[in-house]
Amino acid sequence: MKNDAIGVFDSGMGGLTTVKELNALLPQENIIYFGDTARIPYGGKSPETVMRYAREDVAFLRQHAVKMIIAACGTVSSVVGEQPFVTDMPFTGVVLPAAEKACQVTKNKRIGVIGTTATVRSGSYERAIRKRCPDVVITAKACPLFVHLVESGYTDFHNPVTRLVAQEYLEPVRQAGVDTLILGCTHYPVIKDIIADYMGESVQLISPGVEAAQFAKACLSAQGLLTDRTTSGKNTYYVSDSPEMFVENAGHFLHRDVDGSVFRCSL
Ligand code: DGL
């Protein structure tokens, strides 16, 4: 069991931001990734649909030998919230580890949350933060265009379109005086520099993928499930749409070549 893979899923390729952190923290672990590229985006869909997709994604990962499942998708993590979802093996989404971290780092008790429409509508971050830190003021803002900008490669620090959209979305969050901002969607860490530049140096950005990877490491360690492999682990990717498109764009998220390890599958 300890040499089984960590299963990670997302609505598409954004979850690779979490895989990147897992590879850095746990280089000997094998990772099996499922990206539902045929059905992305999840972020504008109803909770019922997101939940149905998430169950199908998990069922796919279960066809492989996995010892833990991580929902890297901010939208799925938000819709699942704190309800029991996968109970027979370790499981985490990205919301709770990120909420925990935000509560630890905020000094002025003003936290911003940005994510997809479904994530913000779900109120998941507010609930998770308030449970840990009841007196915090939270400013949440849906930033749906960011996903399309990142997927279109508009990620350069000087890109005028992305900068303009960032200004439009982030102005009320900046006005609220937050000192901590949760990047509550898989794609946002890719444009972290633009977001950081607009928010200013005094605002600490939290990347949920980083926090989820750290949580996964602690969780596997506590349960004696870390691999005893001494060589590098390998990543295997499954996608529900064209592997070629995935190979082409994966570099934005992972900064590593995935060619040769991406396979098409149907749910
Ligand atoms: N992976 C999604 C999230 O983190 C973004 C893309 C989508 O809308 O499916 O919320």
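Below or above, wherever it landed, is the structure these notes cover.

Moving on, we come to the overall build of the protein chain. In terms of regular secondary structure, the protein chain is built from 11 helices and 10 strands. Against the compact-globule benchmark of 18 Å for 267 residues, the protein chain has a radius of gyration of 17 Å, which places it among compact chains. A principal-axis box enclosing the C-alpha atoms of the protein chain has dimensions of 50 × 40 × 35 Å. A separation threshold of at least 6 residues defines the contact pool for the protein chain, and within that pool the share at least 24 residues apart is 77%. Element-wise, carbon and sulfur atoms account for 49% of the exposed surface of the protein chain, whose accessible area totals about 11,500 Å². If you average the places of the 26 positive and of the 28 negative side-chain charges in the protein chain, the two averages end up 5 Å apart.

The subject of this paragraph is the site of the ligand. Residues in contact with the ligand amount to 14 residues; listed here are only the nearest, D10, S11, Y42, G43 and T75. One nitrogen or oxygen atom from the main chain of Y42 is found 2.7 Å from an oxygen atom belonging to the ligand. At 2.6 Å, a side-chain N or O of T75 approaches an oxygen atom of the ligand.

A word on the side chain of T236. Considering the arrangement of structural elements, one finds T236 in strand β9 (residues 235–239). Leaving out residues up to four positions away in the same chain, T236 has contacts with I31, I32, Y33, S261 and F263.

A separate point is the sheet that holds strand β4 (residues 91–92). The strands making up a sheet associate through backbone hydrogen bonding, with each pair oriented either parallel or antiparallel. Pairing is parallel across the open sheet formed by six strands, whose spatial order is β4-β3-β1-β2-β9-β10. Each edge of the open sheet carries a strand with a single partner, namely β4 and β10 (262–264). Pairing of strand β1 (residues 5–10) with strand β2 (residues 31–35), which is carried by five bridges, proceeds in the parallel orientation. The partner of V8 across the bridge, within β2, is Y33. The strands touched by helix α2 (residues 47–62) within the sheet are β1, β2, β3 (66–71) and β9, with β1 carrying the most contacts at an inclination of about 155°. Strands in contact with helix α11 (residues 243–254) are β2, β9 and β10; relative to β10, the strand with the most contacts, it is inclined by about 140°.

Definitions and limits used
- Residues numbered from 1 in each chain as written.
- Predicted model: local features only at pLDDT ≥ 70, side-chain atom pairs only at ≥ 80, totals over all residues.
- Heavy atoms only, no water.
- Helix = DSSP H or I, 4+ residues; strand = E, 2+ residues; numbered from the N terminus.
- Rg over C-alpha atoms; globule rule 2.2 N^0.38 Å.
- Contact = heavy atoms within 4.5 Å.
- Areas by Shrake-Rupley, 256 points an atom, 1.4 Å probe, with all protein chains shown as cover.
- Lys, Arg positive; Asp, Glu negative; His and termini not counted.
- Charge placed at Lys NZ, Arg CZ, Asp CG, Glu CD.
- Near = heavy atom within 4 Å.
- Polar contact = N/O pair within 3.5 Å; in protein donor to acceptor, adjacent residues only side chain to side chain.
- Pairing = 2+ DSSP bridges.
- Axes fitted to C-alpha atoms, helices over the stretch in contact; angles between N-to-C directions.

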